[in-house]
Amino acid sequence: MLEALGLDPLAEQTYQLMLSETDIDVTGIARRTGAEPGDVRAAMDRLAALSLLRGPLRDGSPVRLVNPEYGLEALLARQQAELVERQHHIERSRAAAAALVAKYAHLHGAASHPDVEHLDGAEAVRARLVGLVENVTEQLDAFSPGRVQTEANLAAARPLDERLLARGVRMRTLYVDSVRGHQPSLAYSAWLDARGGQTRTVAALPLRMIIVDRRSALVPVNPERSEEGAVLLHGPGTVAALCALFEHVWATGMPLVDPLPAEDGELGRQEREVLRLLAQGLTDEAVALRLGVSVRTTRRITAKIMEVLGAKSRFQAGLRASELGLL
(Lines give C-alpha, C1' and ligand atoms only; values in the text may rest on other atoms or scores of the structure.)
Protein backbone atom coordinates (compact mmCIF):
# COMPACT_ATOMS: atom_id res chain seq x y z
CA MET A 1 0.00 0.00 0.00
CA LEU A 2 2.89 2.36 0.78
CA GLU A 3 5.11 1.36 -2.14
CA ALA A 4 4.34 4.71 -3.81
CA LEU A 5 6.06 6.39 -0.86
CA GLY A 6 9.23 4.40 -1.41
CA LEU A 7 8.64 1.65 1.18
CA ASP A 8 9.56 -1.89 0.21
CA PRO A 9 7.32 -4.74 1.51
CA LEU A 10 9.46 -5.55 4.58
CA ALA A 11 9.82 -1.87 5.55
CA GLU A 12 6.06 -1.43 5.22
CA GLN A 13 5.36 -4.54 7.31
CA THR A 14 7.80 -3.32 9.95
CA TYR A 15 6.19 0.11 10.03
CA GLN A 16 2.66 -1.31 10.25
CA LEU A 17 3.64 -3.62 13.12
CA MET A 18 5.30 -0.80 15.02
CA LEU A 19 2.21 1.34 14.57
CA SER A 20 -0.10 -1.32 15.98
CA GLU A 21 2.23 -2.74 18.67
CA THR A 22 4.29 0.08 20.12
CA ASP A 23 6.42 -2.22 22.33
CA ILE A 24 7.40 -4.70 19.61
CA ASP A 25 11.14 -5.17 19.07
CA VAL A 26 13.39 -6.45 16.30
CA THR A 27 13.01 -10.06 17.41
CA GLY A 28 9.23 -9.79 17.49
CA ILE A 29 9.08 -8.22 14.05
CA ALA A 30 11.41 -10.90 12.67
CA ARG A 31 9.19 -13.62 14.13
CA ARG A 32 5.98 -12.05 12.77
CA THR A 33 7.35 -11.38 9.28
CA GLY A 34 9.60 -14.42 8.88
CA ALA A 35 12.54 -12.14 8.10
CA GLU A 36 16.05 -12.30 9.52
CA PRO A 37 16.76 -9.84 12.39
CA GLY A 38 19.49 -8.20 10.30
CA ASP A 39 16.99 -7.58 7.50
CA VAL A 40 14.54 -6.06 9.99
CA ARG A 41 17.22 -3.71 11.28
CA ALA A 42 18.02 -2.72 7.68
CA ALA A 43 14.29 -2.03 7.13
CA MET A 44 14.33 0.17 10.24
CA ASP A 45 17.31 2.03 8.82
CA ARG A 46 15.32 2.71 5.66
CA LEU A 47 12.37 3.94 7.72
CA ALA A 48 14.68 6.24 9.66
CA ALA A 49 16.15 7.57 6.41
CA LEU A 50 12.60 8.44 5.35
CA SER A 51 12.01 10.24 8.69
CA LEU A 52 9.39 7.70 9.80
CA LEU A 53 11.48 6.46 12.75
CA ARG A 54 13.64 8.39 15.14
CA GLY A 55 16.34 7.27 17.54
CA PRO A 56 19.32 4.89 17.60
CA LEU A 57 18.82 1.60 15.81
CA ARG A 58 21.31 -0.52 17.78
CA ASP A 59 20.18 -3.69 19.57
CA GLY A 60 18.36 -2.80 22.75
CA SER A 61 18.23 0.93 21.93
CA PRO A 62 14.87 2.67 22.02
CA VAL A 63 13.31 3.52 18.70
CA ARG A 64 10.48 6.02 18.45
CA LEU A 65 7.88 6.14 15.74
CA VAL A 66 7.33 9.54 14.19
CA ASN A 67 3.66 10.52 14.19
CA PRO A 68 2.46 9.42 10.71
CA GLU A 69 0.72 12.76 10.23
CA TYR A 70 4.11 14.49 10.36
CA GLY A 71 6.40 11.77 9.09
CA LEU A 72 4.37 10.98 5.99
CA GLU A 73 3.76 14.68 5.32
CA ALA A 74 7.52 15.31 5.39
CA LEU A 75 8.05 12.36 3.05
CA LEU A 76 5.40 13.66 0.64
CA ALA A 77 6.93 17.14 0.76
CA ARG A 78 10.32 15.66 -0.14
CA GLN A 79 8.81 13.76 -3.06
CA GLN A 80 7.02 16.92 -4.18
CA ALA A 81 10.32 18.83 -4.15
CA GLU A 82 11.95 16.06 -6.18
CA LEU A 83 9.07 16.17 -8.67
CA VAL A 84 9.41 19.93 -9.07
CA GLU A 85 13.14 19.55 -9.69
CA ARG A 86 12.48 16.81 -12.29
CA GLN A 87 9.98 19.11 -14.00
CA HIS A 88 12.58 21.89 -14.03
CA HIS A 89 15.09 19.44 -15.50
CA ILE A 90 12.63 18.46 -18.25
CA GLU A 91 11.98 22.15 -18.95
CA ARG A 92 15.71 22.84 -19.29
CA SER A 93 16.18 19.74 -21.47
CA ARG A 94 13.40 20.75 -23.86
CA ALA A 95 14.74 24.29 -24.13
CA ALA A 96 18.24 22.93 -24.80
CA ALA A 97 16.85 20.53 -27.41
CA ALA A 98 15.06 23.39 -29.19
CA ALA A 99 18.30 25.40 -29.28
CA LEU A 100 20.23 22.41 -30.67
CA VAL A 101 17.62 21.76 -33.38
CA ALA A 102 17.78 25.42 -34.39
CA LYS A 103 21.58 25.40 -34.46
CA TYR A 104 21.69 22.17 -36.48
CA ALA A 105 19.27 23.55 -39.06
CA HIS A 106 21.31 26.76 -39.27
CA LEU A 107 24.57 24.88 -39.85
CA HIS A 108 23.27 22.29 -42.32
CA GLY A 109 20.70 24.33 -44.22
CA ALA A 110 17.02 23.67 -44.71
CA ALA A 111 17.18 22.04 -48.13
CA SER A 112 17.58 18.53 -46.74
CA HIS A 113 15.12 19.19 -43.91
CA PRO A 114 11.63 19.94 -45.29
CA ASP A 115 10.29 20.43 -41.76
CA VAL A 116 12.68 23.32 -41.12
CA GLU A 117 12.70 26.86 -42.54
CA HIS A 118 15.84 28.90 -41.91
CA LEU A 119 15.37 32.66 -41.48
CA ASP A 120 18.57 34.63 -41.68
CA GLY A 121 18.60 37.88 -39.73
CA ALA A 122 16.05 39.93 -37.82
CA GLU A 123 14.32 41.36 -40.91
CA ALA A 124 13.64 37.90 -42.36
CA VAL A 125 12.27 36.76 -39.01
CA ARG A 126 9.94 39.79 -38.74
CA ALA A 127 8.63 39.33 -42.29
CA ARG A 128 7.89 35.63 -41.78
CA LEU A 129 6.33 36.29 -38.40
CA VAL A 130 3.86 38.78 -39.85
CA GLY A 131 2.63 36.14 -42.31
CA LEU A 132 2.39 33.49 -39.60
CA VAL A 133 0.41 35.67 -37.23
CA GLU A 134 -1.93 36.94 -39.94
CA ASN A 135 -2.81 33.36 -40.90
CA VAL A 136 -3.15 31.80 -37.44
CA THR A 137 -6.56 30.16 -37.09
CA GLU A 138 -6.82 28.72 -33.57
CA GLN A 139 -4.00 29.39 -31.12
CA LEU A 140 -0.93 31.53 -30.63
CA ASP A 141 1.42 30.80 -27.71
CA ALA A 142 4.58 32.75 -26.99
CA PHE A 143 7.54 33.04 -24.65
CA SER A 144 8.57 36.70 -24.50
CA PRO A 145 11.77 37.06 -22.46
CA GLY A 146 13.90 40.16 -22.45
CA ARG A 147 13.09 43.69 -21.48
CA VAL A 148 9.74 45.43 -21.65
CA GLN A 149 8.24 46.59 -24.93
CA THR A 150 8.13 50.32 -25.59
CA GLU A 151 4.79 52.08 -25.59
CA ALA A 152 5.17 52.59 -29.35
CA ASN A 153 5.65 48.84 -29.93
CA LEU A 154 2.65 48.02 -27.74
CA ALA A 155 0.50 50.51 -29.64
CA ALA A 156 1.63 49.03 -32.97
CA ALA A 157 0.74 45.50 -31.81
CA ARG A 158 -2.75 46.41 -30.64
CA PRO A 159 -4.61 46.38 -34.03
CA LEU A 160 -3.23 42.96 -34.98
CA ASP A 161 -3.97 41.49 -31.55
CA GLU A 162 -7.47 42.90 -31.71
CA ARG A 163 -8.11 41.25 -35.09
CA LEU A 164 -6.83 37.90 -33.84
CA LEU A 165 -8.96 37.97 -30.71
CA ALA A 166 -12.01 39.04 -32.72
CA ARG A 167 -11.49 35.94 -34.90
CA GLY A 168 -11.55 33.76 -31.79
CA VAL A 169 -7.82 32.98 -31.74
CA ARG A 170 -6.64 31.86 -28.33
CA MET A 171 -3.65 34.01 -27.35
CA ARG A 172 -1.34 33.15 -24.45
CA THR A 173 1.88 35.01 -23.74
CA LEU A 174 4.45 34.41 -21.01
CA TYR A 175 6.60 37.31 -19.87
CA VAL A 176 9.18 37.59 -17.11
CA ASP A 177 8.30 39.08 -13.73
CA SER A 178 10.38 42.19 -14.42
CA VAL A 179 7.64 43.56 -16.72
CA ARG A 180 5.41 43.98 -13.67
CA GLY A 181 7.15 47.24 -12.89
CA HIS A 182 6.24 48.69 -16.32
CA GLN A 183 2.86 50.41 -16.23
CA PRO A 184 2.24 50.38 -20.02
CA SER A 185 2.76 46.59 -20.06
CA LEU A 186 0.31 46.16 -17.17
CA ALA A 187 -2.25 48.33 -18.97
CA TYR A 188 -1.81 46.36 -22.20
CA SER A 189 -2.22 43.08 -20.32
CA ALA A 190 -5.47 44.35 -18.79
CA TRP A 191 -6.65 45.35 -22.27
CA LEU A 192 -5.86 41.86 -23.63
CA ASP A 193 -7.47 40.17 -20.63
CA ALA A 194 -10.71 42.07 -21.19
CA ARG A 195 -10.84 40.70 -24.75
CA GLY A 196 -9.97 37.08 -23.95
CA GLY A 197 -6.19 37.17 -24.27
CA GLN A 198 -4.10 35.72 -21.45
CA THR A 199 -0.76 36.87 -20.10
CA ARG A 200 1.29 35.38 -17.28
CA THR A 201 4.74 35.91 -15.85
CA VAL A 202 7.45 33.65 -14.50
CA ALA A 203 10.78 34.55 -12.90
CA ALA A 204 12.76 33.61 -16.04
CA LEU A 205 12.24 32.14 -19.50
CA PRO A 206 14.64 29.76 -21.28
CA LEU A 207 14.32 31.24 -24.79
CA ARG A 208 12.14 33.31 -27.10
CA MET A 209 9.54 31.15 -28.85
CA ILE A 210 6.27 31.45 -30.77
CA ILE A 211 4.02 28.44 -31.45
CA VAL A 212 1.36 28.79 -34.14
CA ASP A 213 -1.72 26.55 -34.08
CA ARG A 214 0.38 23.89 -32.30
CA ARG A 215 1.76 22.98 -35.72
CA SER A 216 4.73 25.31 -36.17
CA ALA A 217 7.26 26.80 -33.76
CA LEU A 218 9.61 29.72 -34.30
CA VAL A 219 12.78 29.64 -32.16
CA PRO A 220 16.03 31.64 -32.41
CA VAL A 221 19.21 30.11 -33.78
CA ASN A 222 21.05 31.58 -30.79
CA PRO A 223 18.81 32.13 -27.72
CA GLU A 224 21.24 34.76 -26.42
CA ARG A 225 21.38 36.69 -29.73
CA SER A 226 17.98 36.51 -31.39
CA GLU A 227 19.03 39.03 -34.07
CA GLU A 228 21.15 36.30 -35.70
CA GLY A 229 18.03 34.68 -37.09
CA ALA A 230 15.64 31.86 -36.33
CA VAL A 231 14.26 28.59 -37.61
CA LEU A 232 10.62 27.75 -38.17
CA LEU A 233 10.02 24.15 -37.18
CA HIS A 234 7.15 22.07 -38.57
CA GLY A 235 8.20 18.56 -37.51
CA PRO A 236 5.39 17.09 -35.35
CA GLY A 237 7.75 15.54 -32.79
CA THR A 238 9.75 18.70 -32.20
CA VAL A 239 6.68 20.94 -32.11
CA ALA A 240 4.92 18.58 -29.68
CA ALA A 241 7.93 18.76 -27.35
CA LEU A 242 7.93 22.57 -27.49
CA CYS A 243 4.17 22.64 -26.84
CA ALA A 244 4.79 20.50 -23.76
CA LEU A 245 7.52 22.91 -22.66
CA PHE A 246 5.13 25.84 -23.06
CA GLU A 247 2.36 24.10 -21.10
CA HIS A 248 4.71 23.25 -18.24
CA VAL A 249 6.02 26.80 -17.89
CA TRP A 250 2.54 28.27 -18.39
CA ALA A 251 1.24 26.20 -15.49
CA THR A 252 3.86 27.74 -13.20
CA GLY A 253 3.11 31.33 -14.24
CA MET A 254 1.01 33.96 -12.47
CA PRO A 255 -1.51 36.12 -14.37
CA LEU A 256 0.04 39.49 -15.13
CA VAL A 257 -3.19 41.24 -14.16
CA ASP A 258 -2.90 39.79 -10.62
CA PRO A 259 -0.29 40.80 -8.03
CA LEU A 260 2.33 38.24 -7.12
CA PRO A 261 1.70 36.51 -3.77
CA ALA A 262 3.67 37.69 -0.77
CA GLU A 263 7.06 36.04 -0.40
CA ASP A 264 7.61 33.72 2.57
CA GLY A 265 11.36 33.89 3.13
CA GLU A 266 14.21 36.34 2.69
CA LEU A 267 14.84 35.09 -0.85
CA GLY A 268 11.97 35.90 -3.18
CA ARG A 269 10.91 34.27 -6.42
CA GLN A 270 13.37 36.24 -8.55
CA GLU A 271 16.28 35.69 -6.16
CA ARG A 272 15.64 31.92 -6.06
CA GLU A 273 15.58 31.82 -9.86
CA VAL A 274 18.89 33.70 -10.07
CA LEU A 275 20.36 31.22 -7.59
CA ARG A 276 19.15 28.30 -9.71
CA LEU A 277 20.50 29.76 -12.95
CA LEU A 278 23.88 30.61 -11.43
CA ALA A 279 24.09 27.07 -10.06
CA GLN A 280 23.69 25.84 -13.66
CA GLY A 281 26.79 27.82 -14.60
CA LEU A 282 25.11 30.64 -16.54
CA THR A 283 26.96 33.93 -16.82
CA ASP A 284 25.58 37.19 -15.42
CA GLU A 285 24.76 38.23 -18.98
CA ALA A 286 22.79 35.03 -19.70
CA VAL A 287 20.92 35.29 -16.39
CA ALA A 288 20.05 38.93 -17.10
CA LEU A 289 18.65 37.97 -20.50
CA ARG A 290 16.43 35.26 -19.06
CA LEU A 291 15.11 37.56 -16.34
CA GLY A 292 14.64 40.56 -18.62
CA VAL A 293 16.81 42.79 -16.44
CA SER A 294 20.18 44.51 -16.77
CA VAL A 295 23.47 42.85 -15.88
CA ARG A 296 23.83 45.41 -13.10
CA THR A 297 20.49 44.30 -11.63
CA THR A 298 21.56 40.66 -11.86
CA ARG A 299 24.73 41.44 -9.92
CA ARG A 300 22.75 43.38 -7.33
CA ILE A 301 20.43 40.39 -6.84
CA THR A 302 23.45 38.08 -6.57
CA ALA A 303 24.94 40.33 -3.90
CA LYS A 304 21.69 40.18 -1.94
CA ILE A 305 21.65 36.37 -2.19
CA MET A 306 25.20 36.20 -0.85
CA GLU A 307 24.30 38.56 2.01
CA VAL A 308 21.21 36.54 2.97
CA LEU A 309 23.16 33.27 2.85
CA GLY A 310 26.11 34.74 4.73
CA ALA A 311 28.47 33.79 1.88
CA LYS A 312 31.67 35.56 0.88
CA SER A 313 31.82 34.06 -2.62
CA ARG A 314 29.43 32.66 -5.20
CA PHE A 315 30.88 29.21 -4.68
CA GLN A 316 30.22 29.44 -0.96
CA ALA A 317 26.71 30.72 -1.69
CA GLY A 318 26.08 27.65 -3.84
CA LEU A 319 27.26 25.32 -1.08
CA ARG A 320 25.14 27.14 1.50
CA ALA A 321 22.08 27.05 -0.77
CA SER A 322 22.57 23.32 -1.30
CA GLU A 323 22.80 22.73 2.46
CA LEU A 324 19.54 24.66 2.98
CA GLY A 325 17.74 22.74 0.23
CA LEU A 326 17.32 25.85 -1.96
CA LEU A 327 18.70 24.03 -5.00
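All of the points below concern the structure found in this document. Residue positions within a chain follow its written sequence, with the count starting from 1. Residue-level local features of this predicted model are given only where pLDDT is at least 70; pairs of side-chain atoms are given and counted only at 80 or more, and the full residue set underlies all totals for whole chains, interfaces and linings. As a rule here, side-chain values cover all heavy atoms of the structure and leave hydrogens and water aside.

Below, the discussion takes up the packing of aromatic side chains. Aromatic contacts are taken between Phe, Tyr and Trp rings whose centres are within 6.5 Å, Trp giving its six-membered ring; a plane angle under 30 degrees counts as stacked, one over 60 as edge-to-face, and the others as tilted. The full count for this structure, using the stated rule, is 3 aromatic pairs. Pairing Phe246 with Trp250 gives two aromatic rings, centres 5.8 Å apart and planes at 15°, and the pair type is stacked. Here Phe246 and its partner Trp250 are both found in helix 8 (residues 236–252), 4 residues apart, which amounts to about one turn of the helix. Chaining the aromatic ring pairs together yields one cluster made of Phe143, Phe246 and Trp250. As a reminder, the over-ring test applies to NZ of lysine and CZ of arginine, requiring each to be within 6 Å of the ring centre and within 35 degrees of the ring normal. The aromatic ring of Trp191 is capped on one face by Arg158, whose charged end is 4.6 Å from the ring centroid. Segments assigned H or I by DSSP are reported as helices when at least four residues long, segments assigned E as strands when at least two residues long, and all are numbered from the N terminus.

For every element, the axis is a line fit to its C-alpha atoms; helices are fit only across the contacting stretch, and the angle between N-to-C directions ranges from 0 to 180 degrees. Packing of helix 6 (residues 151–166) against helix 7 (residues 183–194) leaves a shortest axis separation of 11 Å and a crossing angle of 10°. By the angle class used here, helix 6 and helix 7 are roughly parallel. Touching Glu151, Leu154, Ala157, Arg158, Asp161, Glu162 and Leu165 of helix 6 are Pro184, Ser185, Tyr188, Trp191 and Leu192, all from helix 7. Throughout, the ten residues Ala, Val, Leu, Ile, Met, Phe, Trp, Tyr, Cys and Pro are labelled nonpolar, Asp, Glu, Lys and Arg are labelled charged, and all others, Gly among them, are labelled polar. Across the contact of helix 6 with helix 7, the residue classes tally to 7 nonpolar, 1 polar and 4 charged. Oblique is the label for every angle not falling under 35 degrees (roughly parallel), over 145 degrees (roughly antiparallel), or within 65 to 115 degrees (roughly perpendicular). Residue contacts follow a heavy-atom distance rule, with two residues in contact if any of their heavy atoms lie within 4.5 Å.

As for its position among the elements, Gln139 is in strand 4 (residues 139–144). Residue class for Gln139 comes out buried when judged on its relative accessible area of 11%. Think of a polar contact as two N or O atoms within 3.5 Å of one another; within protein, one of them needs to be a possible hydrogen donor and the other a possible acceptor, and neighboring residues in sequence only count if both atoms come from side chains. A polar contact is formed between the side chain of Gln139 and the side chain of Asp141, at a distance of 2.7 Å. Throughout, exposure labels follow a simple rule: accessible area from a 1.4 Å probe, protein chains only, divided by the maximum for the residue type, with under 20% read as buried, over 50% as exposed, and the rest as partly exposed.

Moving on to the pattern of salt bridges. Put simply, a salt bridge is a Lys or Arg side-chain nitrogen that is within 4 Å of an Asp or Glu carboxyl oxygen. The final tally for this structure, using the stated rule, is 11 salt bridges. A salt bridge links Arg128 to Glu117, with the nearest nitrogen and oxygen atoms 2.9 Å apart. Here Glu117 lies in strand 3 (residues 116–120) and Arg128 lies in helix 5 (residues 122–135), a separation of 11 residues in the sequence. Of the residues examined, Glu117 reaches a relative accessible area of 24% and is grouped as partly exposed. One connected set of salt bridges, linked through shared partners, spans Asp141, Arg172, Arg214 and Glu247.

To continue, consider the nonpolar core. Counting 24 residues, the largest nonpolar core has Phe143, Leu174, Met209 and Leu242 as the members making the most contacts within it. Only strand 5 (170–176), strand 7 (209–212), strand 8 (216–220), strand 9 (229–233) and helix 8 provide two or more residues apiece to this core. Among the elements that take part in this core, helix 8 stands out by supplying 7 residues, more than any other. In this structure, Leu164, Val212, Leu218 and Leu232 belong to the second largest nonpolar core, which totals 20 residues. To define a nonpolar core, start from buried Ala, Val, Leu, Ile, Met, Phe, Trp, Tyr and Cys residues and group those joined through side-chain atoms within 4.5 Å.

Burial runs high along strand 4: 6 of the 6 residues are buried. Of the two faces of strand 4, the one lined by Gln139, Asp141 and Phe143 and the one lined by Leu140, Ala142 and Ser144 are each fully buried. When the strands point away from the viewer and the path from the first strand over the helix to the second turns clockwise, the crossover is right-handed. Note on the crossover from strand 4 through helix 6 to strand 5: the handedness is right-handed. Pairing between strand 4 and strand 7: 4 bridges, direction antiparallel. Strand pairing is assigned whenever DSSP detects at least two bridges linking the two strands.

Another point: the sheet that holds strand 6 (residues 198–202). Taken in spatial order, the 8 strands line up as 3-9-8-7-4-5-6-10 in an open sheet, and their pairing is mixed. Strands with a single pairing partner mark the edges of an open sheet, and in this sheet they are strand 3 and strand 10 (254–255). In terms of strand pairing, strand 4 meets strand 5 through 6 bridges, oriented parallel. Within the sheet, the bridge partner assigned to Phe143 lies in strand 5 and is Leu174. Sitting on the sheet, helix 8 touches strand 4, strand 5, strand 6, strand 7, strand 8, strand 9 and strand 10, and the angle it makes with strand 5 is about 65°.

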